[in-house]
Amino acid sequence: DGTQDRLEREAARLGTLLETARAEARAAALPVVWRPTPESAQHQFRFLGLPASRQLPTRWLDPEVVAQVEGGRGTLVLGPEPLIGAQRVQLRIGEQAITVGTDGLQPFAVLAPAASPP
């Protein structure tokens, strides 16, 4: 399915971007957060707290992607602490969805969908 492939590509990219920002936050001892900004025409998501010299992408490769941080916080906390707590963000294109998350110790990664009961 083309939509699922697009979502998987975006999820893998987001995981890499989150880990890059997380490493920067730890190395520079900076409080860094990530948040989706669908209200912005210029930026679809933002990394807040990174130094101006460290710019990361702020747009999805696929303009149809919608992101929502799970748990009602609206942001992912990326550092500076080495343990950041369990966090997840769901990416959607139409009815298709995929989740990127961490348990707070492991790197952000694409999470397997929950198994359906028999």
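Reading the values: rules and limits
- Residues numbered from 1 in each chain as written.
- Predicted model: local features only at pLDDT ≥ 70, side-chain atom pairs only at ≥ 80, totals over all residues.
- Heavy atoms only, no water.
- Pairing = 2+ DSSP bridges.
- Helix = DSSP H or I, 4+ residues; strand = E, 2+ residues; numbered from the N terminus.
- Axes fitted to C-alpha atoms, helices over the stretch in contact; angles between N-to-C directions.
- Contact = heavy atoms within 4.5 Å.
- Buried < 20%, exposed > 50% of the residue type's maximum accessible area, 1.4 Å probe, protein only.

Quick word on the sheet that holds strand E4 (residues 76–79)
Logical step 1: The sheet built from three strands is open, its strands ordered E2-E1-E4 with antiparallel pairing. Strands at the two margins of the open sheet, each flanked by one partner only, are strand E2 (45–48) and E4. The mean angle between the axes of side-by-side strands here comes to 20°, regardless of whether they run parallel or antiparallel.
Logical step 2: One ladder, built from three bridges, connects strand E1 (residues 32–36) with E4; its direction is antiparallel. Across the sheet, Val33 pairs through a bridge with Val77, a residue of E4.
Logical step 3: Across the sheet, helix H1 (residues 2–28) touches E1, E2 and E4, and the angle it forms with E4 is around 45°.

Quick look at the pairing of E2
Logical step 1: Taking every second residue as pointing to the same face, the buried face of E2 carries Phe45 and Phe47, while none of Arg46 and Leu48 on the other face is buried.
Logical step 2: In this sheet, E2 lies alongside E1 in antiparallel orientation, the contact comprising four bridges. Note on E2: the bridge partner recorded for Pro36 is Phe45.

Details of the sheet that holds strand E3 (residues 66–69)
Logical step 1: Spatially, E3-E5-E6-E7 is the arrangement adopted by the four strands of the open sheet, whose pairing is antiparallel. Here the strands that pair on one side only, and so sit at the sheet edges, are E3 and strand E7 (109–111). Sheet twist, expressed as the mean angle between neighbouring strand axes with direction ignored, is 30°.

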